[in-house]
Amino acid sequence: MKLHWTGHSRRGHNMVMLWLTSICASMACAAPVQAGEVSNVEIRANQVVLHFNDPIESASSFVLSGPDRIAIDIKGATARSNALSQQGLFRNVRMAQFDNDTARVVLDLDRPAMVSAGSFSEDGRSLTLSVKELGSSELTGVLNAPRQSFVPPANFRAEPPQRRYSVRIPLPKPSKAPPLPKVEGPSDDSRPLVVIDAGHGGHDPGAISPHDGTRESKVTLQIARAIRDELLKTGRVRVALTRDSDTFLVLQERYGIARRLGADLFISVHADAAASQTARGATIYTLSEVASDREAARLAARENKADILNGVNLADAPSDVSSILIDLTQRETMNLSADFARLLRREGDAKMNFRTDSHRFASLMVLKAPDVPSVLLETGYVSNEEDIALLNSASYRKRIAESVGQAVTVFFARKLASR
């Protein structure tokens, strides 16, 4: 890979943006779409009555041996943990959640048996299953038989209950990608291009200061603009902002813009929050699949959720570049990213308030452009009273911008000298 100081940059690749074609309901606490609960299992002599407090989709039963038991799956239901009565054929009755959308009832038997018939009540809120004992000659055939299915009355299923949690979001046409931002600076396309990404925005405010209510999305945009202005003053590089207003971009769109523009450096600006209000100072993150520490892992877990709105993932599909090429290219890109992180730490030492362990590694989605050196600059903690006062200060934002500007100048000067 070549990084040019004066030569023409041809490192941009087109990213194919594949949009989701439909939105599914998002359910809290892994609840199924139809949240009927198995409220009770009533055991009679040769019958099992399942009671539901809300509609369910369907039920099915099958026989197992060694030991002998009957399993009943209730689709569209949750299981209630309660004591169940036992009598007749049944030694024990157990109930648990089989998967997010299915409750399972297991009947442990004294001797082989099967469900011979089943019917729902008129309101669909109970299912009565008749159980028949089996002779030894019948058992093999029953074990190999398909499940028996039971469906609620048609009038009951025609009007399912309203979903407790759902979201519908209009999606753009698949062929459309976000418009490219304006590139500012020298008109010479051979000059390096730096793309600055102000984290969060729009419906995603990011972290919010408990001291004065400042939103991370506002702080990051102010700092991104300050960095842009400082870089433009040098006259040596071209600059673009992924967003210059309070708008939302999914993570892949952020570095996708950098790739489509053929950027030579990508800087994502953030302002973290911590459980402890004493945590403060700036940190520089570069990409690694293995987090450098617990805090880096926590940050990645939080920031990588920025694409999720009410449980619906708005991100695009995986990159169009083959995994082998990504691996080869990204190795060099990660080294260049680490070089810039060290320069930024050195150039900002006298101007910025850095943490002691200021360079960290995390699997941050926004840094995963395989061919653009990228860093995420956590400028401070909005949860710390001193840090948020600094971040809200124009003079401190200028000091951050000057530090970034000096690091960018040295970074590209070194690339020119190494050609």
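Caption draft 1: How the structure looks around the overall build of the chain. Across its full length, the chain holds eight helices and 18 strands. Burial status across the chain gives 48% buried among its 419 residues. Considering only contacts within the chain whose residues lie at least 6 apart along the sequence, 76% involve residues at least 24 apart.

Caption draft 2: Layout of the side chain of aspartate 371. Residue placement: aspartate 371 occurs in the loop between strand 17 (354–362) and strand 18 (374–381). Its relative accessible area of 5% is what places aspartate 371 among the buried residues. At 3.0 Å, the side chain of aspartate 371 forms a polar contact with the side chain of arginine 259.

Caption draft 3: Quick look at the sheet that holds strand 3 (residues 58–64). What the five strands build is an open sheet, ordered 6-7-4-3-10; its pairing is antiparallel. Single-partner strands in this sheet number two, and they are strand 6 (90–99) and strand 10 (148–150). Mean inter-strand twist for the sheet, computed between neighbouring axes without regard to direction, equals 20°. Summarising the sheet, strand 6 and strand 7 (residues 102–109) pair through eight bridges and their orientation is antiparallel. Residue pairing for strand 7: alanine 96 is matched across the bridge by arginine 104.

Caption draft 4: Molecular detail of the pattern of salt bridges. Overall, the coordinates contain 24 salt bridges when judged by the stated rule. Among the ionic pairs, aspartate 387 bridges to arginine 280, the shortest N-O distance being 3.1 Å. Here aspartate 387, found in helix 7 (residues 385–391), pairs with arginine 280, found in the loop between strand 13 (265–272) and strand 14 (282–287); they are 107 residues apart in sequence, far enough to count as distant. Here arginine 342 and aspartate 339 are joined by a salt bridge, their closest N and O atoms 2.5 Å apart. Separated by three residues within a single helix, arginine 342 and aspartate 339 lie in helix 6 (residues 323–347), roughly one turn from each other. Here arginine 342 falls in the partly exposed class, since its relative accessible area comes to 48%. Relative accessible area serves as the criterion here: at 26%, aspartate 339 is assigned to the partly exposed category. Salt bridges sharing common partners tie together Glu184, Arg225, Arg228, Asp229 and Asp244.

Caption draft 5: Region of interest: the pairing of strand 2 (residues 47–52). Pairing analysis gives five bridges linking strand 1 (residues 36–43) to strand 2, with the strands arranged antiparallel. Looking at strand 2, one finds that valine 41 is bridged to leucine 50. The loop that links strand 1 with its antiparallel partner strand 2 comprises three residues. As defined by bridge partners, strand 2 adjoins strand 9 (residues 126–133) across five bridges and the pair is classed as antiparallel.

Caption draft 6: Broad picture of the confidence of the model for the chain. Of the residues in the chain, 73% reach a pLDDT of 70 or more, and the chain-wide mean stands at 77. Every residue in residues 1–34 is under pLDDT 50, and counting partners more than four places away or in other chains gives 106 contacts. Taken together, the stretch residues 155–175 has pLDDT below 50 and engages in 35 contacts with residues farther than four places along the chain or on a different chain.

Rules of the game
- Residues numbered from 1 in each chain as written.
- Predicted model: local features only at pLDDT ≥ 70, side-chain atom pairs only at ≥ 80, totals over all residues.
- Heavy atoms only, no water.
- Helix = DSSP H or I, 4+ residues; strand = E, 2+ residues; numbered from the N terminus.
- Buried < 20%, exposed > 50% of the residue type's maximum accessible area, 1.4 Å probe, protein only.
- Contact = heavy atoms within 4.5 Å.
- Polar contact = N/O pair within 3.5 Å; in protein donor to acceptor, adjacent residues only side chain to side chain.
- Pairing = 2+ DSSP bridges.
- Axes fitted to C-alpha atoms, helices over the stretch in contact; angles between N-to-C directions.
- Salt bridge = Lys/Arg side-chain N within 4 Å of Asp/Glu carboxyl O.
- pLDDT = per-residue confidence, 0-100.

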